[in-house]
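Summary of structural features
As a plain string of letters, each chain reads:
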Amino acid sequence: MSRWSRSRAVRRGALVLALIAVVSVVVVIARGGSGTSAPAQQADPAWCTPGTQRSALCPHGKVFDAKEYATHGNAFECVSFASQADAQAVLRANPSDPNHLDDGGGVACRGLPQPRDTQPVAAIAQHHKCGPDDTRSALCPQPKRSFDARYFLRYGNDAYDCADFATQADAQAVLRFEPADPNHLDHAGKGIACPDLPGARDVKPVRRGTP
C-alpha cells in the first residue's frame, strides 16, 4: 500500500471514530444523563416505615388517608402536608375545616407545592362571605370592589387559576404586574391571560419574561 493510500485510510478511520463519538454523546444526552443507570428515586428518612402516612416529614410515602387528618380537631396546619392536593383532600373529607386549612372559598393551603387540587369545595365556596377589604375575585365579583394584583401573587407559585378571577381584565392585570406568570394564566404564551373569562377585557399583550 502506498503512503498516500495509508494516509487516506488513516483519515477515514479517524472520521469514523469521530462520528461514533458524536453519536455516543447524542445518545447520552437523549437519555438525560452521563450514565446508563436510571437516577435514584428520592427516599424518605429511615423513620418513615412503609405504612407511615404521607406528610411533610415523609413526603414520598404512598399511604395517605385524609380522614386521619380530619377527625382530631385543630391538630394540623398546612406545613403538616406534603402537597396542596393532600391538604385539599383533608378539606374535602371534612368541609367544617377543623384544621383551618381553607385559604378562602374552599381551597386549602395554596402555598404548598404540587401536586395540586384547586377545585373549590362546594360546601365551603357557596357560604363564603366577602369582607369589605377583600379584593375583587370570582368569590367577590362586585365591579366596584377594589382589585389588588399582589393578592394573587402572594405565594409565588402556581397557586391561582383563571377560575379565581372575576374578569379577564383582572387576570391580565396580574400578568401585567408579574410577566413571569407564576400562576400560568397565559397558557398560549401570547401575553394574554385567561382569554375565555367573561366581563371586562384587556387583551393588549404583555411582553413575557422578567419585567
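Here is a short report on the structure shown in this document. The structure presented is a predicted model; accordingly, all values stated were derived computationally and were not measured. (Residues numbered from 1 in each chain as written. Predicted model: local features only at pLDDT ≥ 70, side-chain atom pairs only at ≥ 80, totals over all residues. Heavy atoms only, no water.)

Quick word on the state of the cysteines
For clarity, the threshold we go by: Note on terminology: pairs of cysteine sulfur atoms within 2.5 Å are recorded as disulfides. Each helix is a run of H or I in the DSSP string that is no shorter than four residues. Each strand is a run of E no shorter than two, and both are numbered from the N terminus.
Scanning all chains against the criterion turns up 4 disulfides. In this model cysteine 48 forms its disulfide with cysteine 58; the gap between the sulfur atoms is 1.9 Å. In this structure, the disulfide formed by cysteine 48 and cysteine 58 twists by about -75° around the S-S bond and is classed as left-handed. You can see cysteine 48 sitting in the loop between α1 (3-31) and α2 (67-70) and its partner cysteine 58 sitting in the loop between α1 and α2, a full 10 residues away along the chain.

Things to note about the packing of aromatic side chains
Rules: For this analysis, a ring pair means two rings from Phe, Tyr or Trp (six-membered ring only for Trp) whose centres lie within 6.5 Å, classed as stacked if their planes differ by under 30 degrees, edge-to-face if by over 60, and tilted for the remaining angles. The buried label goes to any residue with under 20% of its type's maximum accessible area, the exposed label to any with over 50%, and the partly exposed label to all in between, with areas taken from a 1.4 Å probe on protein chains only.
Counted under the stated rule, the structure contains 9 aromatic pairs. With centroids separated by 5.1 Å and ring planes inclined at 55°, the aromatic side chains of tyrosine 69 and phenylalanine 81 adopt a geometry described as tilted. Of the two residues, tyrosine 69 sits in helix α2 while phenylalanine 81 sits in the loop between α2 and α3 (84-93), which places them 12 residues apart along the sequence. Judged by its relative accessible area of 6%, tyrosine 69 is buried. Between phenylalanine 147 and phenylalanine 152 the ring centres are 5.7 Å apart and the planes differ by 20°, which places this aromatic pair in the stacked class. The exposure class assigned to phenylalanine 147 is partly exposed, which follows from its relative accessible area of 23%. Note on phenylalanine 152: relative accessible area 1%, which makes it buried.

Notes on the nonpolar core
Nonpolar side chains in soluble globular proteins generally cluster together in the buried interior. Basically, it comes down to this: Think of a nonpolar core as a cluster: buried Ala, Val, Leu, Ile, Met, Phe, Trp, Tyr and Cys residues, connected wherever their side-chain atoms sit within 4.5 Å. Whether two residues are in contact is decided by their heavy atoms: any pair within 4.5 Å suffices.
Phe165, Ala171, Val174, Leu185, Ala193, Cys194 and Leu197 are the most contacted members of the largest nonpolar core, which totals 15 residues. Sequence-distant contacts of leucine 197, defined by excluding residues within four places in its chain, comprise Cys162, Phe165, Thr167, Gln168 and Ala171.

Digging into the layout of surface pockets
Heads up, the rule is: Lining residues are defined by having an atom within 4 Å of a point belonging to a cavity or pocket. Those points lie on a 1 Å grid over the protein atoms alone, cavities being sets where a 1.4 Å probe fits but cannot get out and pockets being open sets with protein on both sides within 12 Å along at least five of seven lines. Grid points are joined across faces, edges and corners, and a volume is the space filled by probe spheres set on the points. Amino acids are sorted into nonpolar (Ala, Val, Leu, Ile, Met, Phe, Trp, Tyr, Cys and Pro), charged (Asp, Glu, Lys and Arg) and polar (every other residue, Gly among them).
When its volume is computed, the largest pocket comes out at roughly 340 Å³. Together, 21 residues line the largest pocket, and Gly104, Arg110, Ser137, Leu139 and Asp164 are the ones closest to its centre. When the residues that make up the lining of the largest pocket are grouped by side-chain class, the tally is 9 nonpolar, 7 polar and 5 charged.

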